[in-house]
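Here's the letter readout for the chains.
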Amino acid sequence: MAHVELQNVRKSYGNVTVIPNLDLTISSGEFVCLVGPSGSGKSTLLRMIAGLEDITGGTISVDGEDITNTDPSDRDMAMVFQTYALYPHMTVEQNMSFALRMRGEDRALIDRRVAEAVSMLGLEGLQKRKPAQLSGGQRQRVAMGRCIVRNPKLFLFDEPLSNLDAKLRAQTRLEIRRLHGKLGATSIFVTHDQVEAMTMADRIALLSEGRIQQVGSPKELYLNPANRFVAGFLGTPE
Ligand code: ADP
Ligand code: MG
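Residues numbered from 1 in each chain as written. Chains lettered and ligands numbered in written order. Predicted model: local features only at pLDDT ≥ 70, side-chain atom pairs only at ≥ 80, totals over all residues.

- As annotated in an unreviewed UniProt entry, the chain carries the name sn-glycerol-3-phosphate import ATP-binding protein UgpC and is attributed to Martelella mediterranea DSM 17316.
- Quoted verbatim from the Sequence similarities (unreviewed entry) field of the UniProt record, the comment on the chain reads "Belongs to the ABC transporter superfamily." (UniProt positions renumbered as here; feature names shortened; annotations may be inferred.)

Now the structure itself:
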């Protein structure tokens, strides 16, 4: 589990500032939904946490350690994207074990981690299939399996359900929450879908134009929106 602290985080692309100054603290074991309209800076923030994007100013720390300038591969976290590029020529288990094989982990550990992930994700019997022989939902689960086997302490999700149909989306939401609990992970889940955030989050951080409008439980935001933007975004009658 990871305790994450963002302090005075800023991001500019050239002379365009997309995140002016952002503070956010996430406790160990929390499931936080970062929600906001398209273009509000959600992906940018997540990518800075992952180290995939340069940070213009401020600090990011995990479990008290400043990781602002740590190489992405040395950050103990995993990111699940909307478009999950599986290796088409590899089987399910080869896709899932790839990162561990690259790290030179031993065979026994790899087999154990993959078997655990397969069982957790309900992918039994599909280990020898290639991505083309899987449904969209199964592929998304393999993509999560690739993250789970690395045993990260922080999961970052960037709209991972957007490509799924409504029924599968609802089901996968539950699965992700269940996995989060079972793994004892800390998760930051980005979505533009307020229903998704309301149903999944321990706490919601609502973003607009790179600024956090309010942070709180779904109930707090719904019952006591801090401003008109929050009320409007969550569909609260004013
Ligand atoms: P969200 O994920 O909430 O839709 P993004 O983080 O992708 O928002 O984008 C936030 C803002 O930053 C947008 O105005 C977007 O156009 C801008 N932006 C994102 N990436 C870049 C980039 N590489 N260069 C310039 N502007 C960017
Ligand atoms: Mg985005």
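## Focus on the overall build of the chain
Item 1. Scanning the chain for helices and strands turns up eight helices and ten strands.
Item 2. Here the chain has a C-alpha radius of gyration of 18 Å; the compact-globule value for 238 residues is 18 Å, and the two agree.
Item 3. If you line up the chain on its principal axes, its C-alpha atoms span 55 × 40 × 30 Å.
Item 4. Of the contacts formed within the chain by residues at least 6 apart in sequence, a portion of 66% connects residues at least 24 apart. (Helix = DSSP H or I, 4+ residues; strand = E, 2+ residues; numbered from the N terminus. Rg over C-alpha atoms; globule rule 2.2 N^0.38 Å. Contact = placed C-beta atoms within 7 Å.)

## As for the site of ligand 1
Item 1. Residues in close proximity to ligand 1 include Y13, V18, G36, S38, G39, S40, G41, K42, S43 and T44, which together make up its full environment.
Item 2. Sort the elements by how many residues they give to the shell around ligand 1 and helix 1 (residues 42-50) lands first, with three residues.
Item 3. In terms of residue class, the shell around ligand 1 is made up of two nonpolar, seven polar and one charged. (Near = placed C-beta within 6 Å. Nonpolar A, V, L, I, M, F, W, Y, C, P; charged D, E, K, R; others polar.)

## With respect to the pairing of strand 1 (residues 4-13)
Item 1. Pairing of strand 1 with strand 2 (residues 16-26), which is carried by seven bridges, proceeds in the antiparallel orientation. Looking across to strand 2, one finds that V9 is bridged to L22.
Item 2. Counted between consecutive antiparallel strands, the loop separating strand 1 from strand 2 contains two residues, among which G14 sits at a positive phi close to 60 degrees.
Item 3. As paired strands, strand 1 and strand 4 (residues 57-62) are joined by five bridges and run antiparallel to one another. Counterpart to Q7 in the pairing with strand 4 is T59. (Pairing = 2+ DSSP bridges.)

## Quick notes on helix 2 (residues 92-102)
Item 1. Those residues of helix 2 lying buried are V92, E93, N95, M96, S97 and L100.
Item 2. In this structure, the buried residues of helix 2 make contact with helix 3 (107-120) and helix 4 (136-148).
Item 3. Trailing helix 2 by a residue or two, G104 shows a phi angle of about 75 degrees, which is positive. (Buried ≥ 20, exposed ≤ 12 C-beta atoms within 10 Å, placed from the backbone.)

## Concerning the UniProt feature "domain: ABC transporter" (unreviewed entry) in the chain
Item 1. The positions that UniProt labels "domain: ABC transporter" (unreviewed entry) are, in the present scheme, residues 4-234.
Item 2. For residues 4-234, the helix share is 37%, the strand share is 26%, and the end-to-end C-alpha distance is 25 Å.

## Looking at the sheet that holds strand 8 (residues 186-191)
Item 1. Pairing is mixed in the open sheet, where six strands are placed in the order 6-7-8-3-9-10. Since the sheet does not close on itself, it has two edges, and those belong to strand 6 (77-80) and strand 10 (211-216), each with one partner. Across the sheet, the axes of successive neighbouring strands diverge by a mean angle of 15 degrees, strand direction being ignored. (Axes fitted to C-alpha atoms, helices over the stretch in contact; angles between N-to-C directions.)

## Some remarks on the sheet that holds strand 2
Item 1. Strand order in this open sheet of four strands is 2-1-4-5, and the pairing throughout is antiparallel. Each edge of the open sheet carries a strand with a single partner, namely strand 2 and strand 5 (65-66).
Item 2. With two bridges joining them, strand 4 and strand 5 adopt antiparallel strand pairing. By the bridge assignment for strand 5, V62 is matched with E65.

## Comments concerning the packing of helix 2 against helix 4
Item 1. Where helix 2 meets helix 4, the closest approach of the two axes is 7 Å, and the angle between their N-to-C directions is 30 degrees. Taken together, the axes of helix 2 and helix 4 lie roughly parallel to each other. At the point where helix 2 passes helix 4, the crossing takes the right-handed sense. Facing V92, N95, M96, F98 and A99 of helix 2, the residues of helix 4 in contact are V142, G145 and R146.
Item 2. Here the contact of helix 2 with helix 4 is built from residues that sort into five nonpolar, two polar and one charged. (Parallel < 35°, antiparallel > 145°, perpendicular 65-115°, else oblique. Left-handed = near helix turned anticlockwise from the far one by under 90°.)

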